[in-house]
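# Tertiary structure, described
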Amino acid sequence: MKVGEPEEFIIDGKRLDGRAPDELRPIKIEAGVLERADGSCYLEWGGNKVLAACYGPREIHPKHEARSDRAALRTYYRMAPFSVNDRKRPGPDRRSVELSKVIRNTLESVVFLHLFPMTAIDVYIEILQAQAGTRCAGITAASVAIADAGIPMKELIPSCASGKIDGKVVVDLFDTEDNYGEADVPVAIIPRTGEIALLQMDGNLTQEEFEEALNLAVKGCKDVYEKQKEALMKRYGGE
Ligand code: UDP
């Protein structure tokens, strides 16, 4: 057992933060929160606080990044120094480079980039407070910001992780579970087609556990999708 590791993660069917195994943390999403961005989103998901800003399609600099057949989608995932317990050193690091790429790949599966050749679409994802699951929160917020910018896309992309603690598969790990848990499976889906846009796995799961984890995460994505739509409906009206 590691230092600080709780002895049990599930007591009388409840997790340490009081949730059931298949229960998400509370989620709040607001679209259009920044005046100077073309599209934006503020998202709170449990203890995660994320701001996403989208600019574009706009002139691309440096020019050599221009693509003749499509827009260049550039994503910048960044954690604020005050977002975690031990101050995060400002500036890029391996993790933020990797997460920027993971988020970009996920969003590329829905944004109609071919409509805007030679331009840039820039998406900034600022993690103001982190409590595990920030890549899922970032993808969720970024896709609302892109929609808010009016950039055509196939679908919004919701994202949600599942994982394993105390030998049990649960959805949406919070930081204590993520730190000491046995596995973490971030997922993003394209809801209308059911396609998987992101699937990663950290840790070990049997095939059965993996299938259970994937199902739970996909179910979580569907709940997140409803919140994304509500946020856009609230901003733009409609039923
Ligand atoms: N974390 C941290 N300091 C760091 C990076 C991460 O405290 O420099 C915490 C933070 O709460 C984050 C969690 O570890 O949400 C899990 O990070 P991971 O790399 O698994 O990505 P995430 O789950 O946020 O997508």
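You'll find the structure just up there.
Per-chain numbering applies: the sequence of each chain, read as written, is numbered from 1 onward. pLDDT decides what is reported in this predicted model: residues at 70 or higher carry local features, side-chain atom pairs at 80 or more are listed and counted, and totals for whole chains, interfaces and linings draw on all residues regardless. The basis for the side-chain values is all heavy atoms of the structure; hydrogens and waters are excluded.

So, on to the site of the ligand. The criterion for a residue being near a molecule or strand is simple. One of its heavy atoms has to lie within 4 Å of it. Every residue lining the ligand is accounted for by Met79, Val84, Arg95, Ala130, Gln131, Ala132, Gly133, Thr134, Arg135 and Asp178. Polar contacts here mean pairs of N or O atoms no more than 3.5 Å apart (in protein, one a potential hydrogen donor and the other a potential acceptor; neighbouring residues in sequence count only if both atoms are side-chain atoms). One of the backbone nitrogen or oxygen atoms of Ala132 is found 2.8 Å away from an oxygen atom of the ligand. The contact in question runs from an oxygen atom of the ligand to an N or O atom on the side chain of Arg135, over 2.8 Å. Using a 1.4 Å probe, the Shrake-Rupley method yields the accessible areas, and only the shown protein chains count as cover for residues. Contact with the protein chains covers 73% of the free accessible surface of the ligand, which is 510 Å². Among the detected pockets, the ligand sits in the largest pocket. Ten residues, namely Ala, Val, Leu, Ile, Met, Phe, Trp, Tyr, Cys and Pro, are considered nonpolar, four, namely Asp, Glu, Lys and Arg, are considered charged, and the remaining ones, Gly among them, are considered polar. By residue class, the composition of the shell around the ligand is 4 nonpolar, 3 polar and 3 charged. Put plainly, a pocket is an open set of points on a 1 Å grid over the protein atoms alone with protein on both sides within 12 Å along at least five of seven lines, a cavity is a set where a 1.4 Å probe fits but cannot get out, and a lining residue has an atom within 4 Å of a point. Occupancy of a cavity or pocket is assigned to a molecule whenever over half of its atoms lie within 2 Å of that pocket's grid points.

Grid points are joined across faces, edges and corners, and a volume is the space filled by probe spheres set on the points. When its volume is computed, the largest pocket comes out at roughly 710 Å³. If you trace the largest pocket, you find 29 residues lining it, with Arg95, Ala132, Gly133, Asp178 and Asn179 closest to the centre. The way it works is that DSSP assigns letters per residue, a run of H or I at least four long becomes a helix, a run of E at least two long becomes a strand, and they are numbered from the N terminus. Listing elements by their share of the lining of the largest pocket, those giving two or more residues are helix H1 (94–108), helix H2 (134–148), helix H3 (175–180) and strand S10 (183–190). Tallying contributions element by element places H3 first for the lining of the largest pocket, with 4 residues. Across the lining of the largest pocket, the residue classes break down as 11 nonpolar, 9 polar and 9 charged.

Moving on to a negative patch on the surface. Together, Glu7, Glu8, Asp12 and Asp166 make up a negatively charged patch on the protein surface. In this fold, Glu8 is placed in the segment before strand S1 (10–11). Patches here are clusters of residues that have more than 30% relative accessible area and form no salt bridge, with a 9 Å joining cutoff for like charges and a 5 Å cutoff for nonpolar side chains (Val, Leu, Ile, Met, Phe, Trp, Tyr). In the sections that follow, a salt bridge refers to a side-chain nitrogen of Lys or Arg positioned within 4 Å of a carboxyl oxygen of Asp or Glu. Note on charges: Lys and Arg go in the positive column, Asp and Glu in the negative column, and His and the chain ends are not counted at all. Charge positions come from single atoms, namely NZ of Lys, CZ of Arg, CG of Asp or CD of Glu.

Tallying each qualifying case throughout the model produces 19 salt bridges. Of the charged contacts in the structure, one is a salt bridge between Arg74 and Glu65, with a shortest N-O distance of 2.8 Å. A single network of salt bridges, built from pairs that share partners, joins Arg15, Asp17, Arg19, Arg25, Asp172 and Glu177.

What follows concerns the packing of H1 against H2. Think of each axis as a best-fit line through the C-alpha atoms, taken over the contacting stretch in the case of a helix, with angles from 0 to 180 degrees between the N-to-C directions. Contact geometry of H1 with H2 gives a least axis separation of 10 Å together with a crossing angle of 50 degrees. Looking at the two axes, H1 sits oblique to H2. Our pair here, H1 against H2, has a crossing hand that is right-handed. Mapping the contact onto sequence places Arg95, Glu98, Leu99, Ile103, Thr106 and Leu107 in H1 and Thr134, Arg135, Ile139, Ala142, Ser143 and Ile146 in H2. When grouped by side-chain class, the residues that make up the contact of H1 with H2 number 6 nonpolar, 3 polar and 3 charged. Should an angle fall under 35 degrees it is called roughly parallel, over 145 degrees roughly antiparallel, and 65 to 115 degrees roughly perpendicular, with every other angle called oblique. Crossings are sorted by hand: turned counterclockwise from the far helix by less than a right angle, the near helix makes the crossing left-handed, and turned clockwise it makes it right-handed. When checking whether two residues touch, look at their non-hydrogen atoms; a contact exists if any pair is within 4.5 Å.

With that out of the way, let us pick up the state of the cysteines. We call a pair of cysteine sulfur atoms a disulfide whenever their separation is within 2.5 Å. Taken as a whole and judged by the stated rule, the model has 0 disulfides. Here Cys54 is not cross-linked by a disulfide; its sulfur's nearest cysteine counterpart is in Cys41, at 11 Å. Of all cysteine sulfurs, the one in Cys221 lies closest to Cys160, which takes part in no disulfide; the gap is 5.5 Å.

Note on placement: Asp184 falls in strand S10. Of the side chains bearing the opposite charge, Arg135 lies closest to the buried Asp184, which forms no salt bridge; the N-O distance is 5.6 Å. Working definition: with a 1.4 Å probe on protein chains only, accessible area under 20% of the residue-type maximum means buried, over 50% means exposed, and in between means partly exposed.

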